[in-house]
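Structural description and commentary
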Amino acid sequence: MTGTASPPRQKRRVFADLTPLRTSADYRRLWVGGTISWMGQAMTALAISLQVYEITGSSFSVGLVGLFSLVPLVAFGLYGGAIADTVDRRKLGLHSQSGLAVLSVALAAAALLGYHRVWLLYTVVALQAVCGALNGPARSAMIPKLLPPEQLPAANALNSVTMTSGTMLGPVLGGVIVGWWGYQAAYLIDAVTFVAALYAMWRLPSMLPEGRTGGRASVMDGLRFLATTPNIRMTFFSDLAAMVFAQPKALFPAVAVLWYGGDARTVGLLVAAPAVGALLGGLFSGWQARIQRHGLAILLSVAAWGLAIAVFGLTRNLWLGLLFLALAGCADTISMVFRSTMMQTATPDGMRGRLQGVFIVVVAGGPRLGDFLAGTVADLTSPTVAITGGGLACVLLLALLAARWRSFARYDARSPEA
């Protein structure tokens, strides 16, 4: 049997690499706690939407929930990154997660007391976004301090599994819990889920940014640093090309009826398909640890997203359309893993919080711009033109960006350069 790889080693090459969970107790607690709390937050998000609709009977009012979340997230994203580069990131994570837990308790208390007011729900949603904007940069900047660089792709793949599984399962559990025991039960369970996340943060050592000299880290310094780092900048440009030009989600209700003769259940399938692909991309990510050309991997995966969306726009068979949406979701996860890894390894520790703040703004704002662009083009032309044209525009823009910054495709993780 000499020369034959053992079964466990073969499995690691196919399935998600669990090495970060085995080698770092701090990361393991952080990942488990984050997975549990993310599920609880997804439950609360659905419960709030259901409660707003029950109070108002208005879909527009439910839509405002997203707006009340988006605006603070974008506004405080950069500011949260600057704070994460100034203070002990462990304490910032503890305080922001404690704030999220308190907000869930407040929702539960209001529901138990029968105080059903839309303004309260909107206020809580906005404050949750502020806490998330403070927590995200701090949490992301901690990971490179807990793991060696070669384990970061595996860690980012595991993080993608957390986000995708929570997004998929959290609303399902939230709907069941609200249906059986009411809104207060969903909110209380969410508050309890933060115990694991807070315990994980509490067990961490102090996480002061390297090179900290006192005073507040400047947001403008972070943006000026980004202007001097073409490779990091390209990770944002490539993601914007995908999310702004090839984001078909806003058109799912229309295409469900026009293309497939479906209904709300069909829309649910279309929404779920990219998430299923993203989850599979995270679960079968063991091969990614062997990839060193991260820039080229990002270009190929974003191009795959654009092409999959373009082909989806030409399909009229539901199951074929779902297949291409799942392929797009898988490509998006691969891109996210390498983009996050590049940002973590090629960015100095003292700048990681601010760069993560920019990442939050891009991730939060890009899809919303994409929804607006897709809806506008579809109204002026057709959903087919908006979706297929958007996918092809993504690929074309990506090719132009790659031609302008050719060093990006040559980026090697063994000698990272921002």
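First, a word on scope: everything that follows refers to the structure included in this document. (Residues numbered from 1 in each chain as written. Predicted model: local features only at pLDDT ≥ 70, side-chain atom pairs only at ≥ 80, totals over all residues. Heavy atoms only, no water.)

In this section: the state of the cysteines. All told, the structure shown has zero disulfides when counted by the stated rule. Considering cysteine sulfurs only, C330 is the nearest to C394, which forms no disulfide, with 16 Å between them. (Disulfide = S-S within 2.5 Å.)

So, on to the packing of aromatic side chains. To describe a pair of aromatic rings, you give the distance between the ring centres and the angle between the ring planes. As enumerated under the stated definition, the model contains 10 aromatic pairs in all. Both rings, one in F252 and one in F312, keep their centres 6.2 Å apart while their planes meet at 85°; by these two values the pair is edge-to-face. Linking F252 in helix 11 (residues 252–258) with F312 in helix 13 (residues 294–312), this pair joins segments that are 60 residues apart in sequence. The buried category is assigned to F252, whose relative accessible area is 3%. When its relative accessible area of 0% is taken as the criterion, F312 is described as buried. With a centroid separation of 5.8 Å and 55° between ring planes, the pair formed by W259 and F312 is classed as tilted. On the criterion of sequence distance, the pair formed by W259 in the loop between helix 11 and helix 12 (264–283) and F312 in helix 13 is long-range, its members being 53 residues apart. Residue class for W259 comes out buried when judged on its relative accessible area of 11%. Following the ring pairs from residue to residue traces out a cluster consisting of F252, W259, Y260 and F312. (Phe/Tyr/Trp six-rings, centres within 6.5 Å; stacked < 30°, edge-to-face > 60°. Helix = DSSP H or I, 4+ residues; strand = E, 2+ residues; numbered from the N terminus. Buried < 20%, exposed > 50% of the residue type's maximum accessible area, 1.4 Å probe, protein only.)

Our focus in this paragraph is the side chain of S335. Relative to the helices and strands, S335 resides in helix 14 (residues 318–346). Judged by its relative accessible area of 3%, S335 falls in the buried class. Beyond its immediate chain neighbours, meaning those up to four positions away, S335 contacts I298, S301 and V302. (Contact = heavy atoms within 4.5 Å.)

Of all the positions in helix 9 (residues 219–227), only G222, F225 and L226 are classed as buried. Looking down the long axis of helix 9, one finds its buried residues gathered within 100° of arc, a one-sided arrangement. In this structure, the buried residues of helix 9 make contact with helix 10 (230–245) and helix 15 (352–380). (Arc of directions from axis to C-beta.)

Time to look at the environment of N159. Among the structural elements, N159 can be located in helix 7 (residues 152–181). Taking the C-alpha atoms as reference points, N159 and T229, separated by 70 residues in sequence, lie 25 Å from one another. Setting aside anything within four residues of it in sequence, one finds N159 in contact with Y27 and W31.

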